[in-house]
Structures are given as C-alpha cells and as structure tokens.
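Chain by chain, the residues run as shown.
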Amino acid sequence: MSTSFAVPAPRSAMLLRRRIATYFVGGADQIPSLVGALEGRLVHELSVDVKDGVRESSMVCAVLLAAGETGPLLDRLRELPSVVSAELA
C-alpha cells in the first residue's frame, strides 16, 4: 500500500505598497537614472518636483515590493550620485 499526497505550490511573496521619497540634485537630467533604479518593480504612482532656483528636487513614488526588497531598493537609490536621501515616506 502506498500513500501519495499533493505538495502545495509555493505561494508567491506578498507584495506591500511602499511610498518612497527621494531627494536629488541635478534637476530634470537626473530623472532617467532615478526611474531606472525602479526597473522591474510595479510602480503605482510617480511624481517628480523640479523647481528653478531650488537646489534639491524630489521624486515620490508608490511601489509594490516584497517585504525584503524595501531596504535594497532604498540602498540602490542612495547609491546614485545625484541622490541626497531616499526614505520611506
């Protein structure tokens, strides 16, 4: 007599919506590299505020991430030369 059973398929990681604020210098020329750092992630909202005469600009986005991806994404943004800070908003 043999017994068989089905092994449940692994559930995909639960995605959490994280709102991230990134402050950067260099104006609109820096936007492609900032958006490039988000590549491969589901971005639900994205806004960039660049003003003449103001040293720092900002990008705020809402991204769907697995629990362990928030820190690495913030680190990836912080490694960009133009980024002054990146944090959860």
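So, here's what we can say about the structure.

Conventions we followed
Per chain, residues are indexed from 1 in the order of the written sequence. Where totals are concerned, whole chains, interfaces and linings use all residues; where local detail is concerned, this predicted model gives features only for residues with pLDDT of at least 70, and gives and counts side-chain atom pairs only at 80 or more. Each side-chain value is derived from all of the structure's non-hydrogen atoms; neither hydrogens nor water enter the calculation. Where helices and strands are cited, they refer to DSSP runs of H or I of at least four residues and of E of at least two residues respectively, numbered from the N terminus. Here the term buried applies to any residue with accessible area under 20% of the maximum for its type, exposed to any over 50%, and partly exposed to those in between, with areas from a 1.4 Å probe on protein chains only. The contact definition used throughout considers only heavy atoms, calling two residues in contact when any of these lie within 4.5 Å. Each direction from the helix axis to a C-beta atom contributes to the arc, which is the arc of those directions.

A closer look at the environment of Val60
For step 1, the next point in the chain: Relative to the elements of secondary structure, Val60 occurs in strand S3 (residues 57-66).
For step 2, the next point in the chain: Judged by relative accessible area, Val60 falls into the buried class, the value being 19%.
For step 3, the next point in the chain: For the pair Val60 and Leu46, spaced 14 residues apart in the sequence, the C-alpha separation amounts to 5.8 Å.
For step 4, the next point in the chain: What Val60 contacts, discounting residues up to four positions off in sequence, is Arg19, Ile20, Ala21, Glu45, Leu46 and Ser47.

Considerations on helix H2 (residues 70-78)
For step 1, the next point in the chain: Among the residues of H2, Thr70, Leu73, Leu74 and Leu77 are the ones counted as buried. The arc that holds every buried residue of H2, seen down its axis, measures 100 degrees, which confines them to one face.

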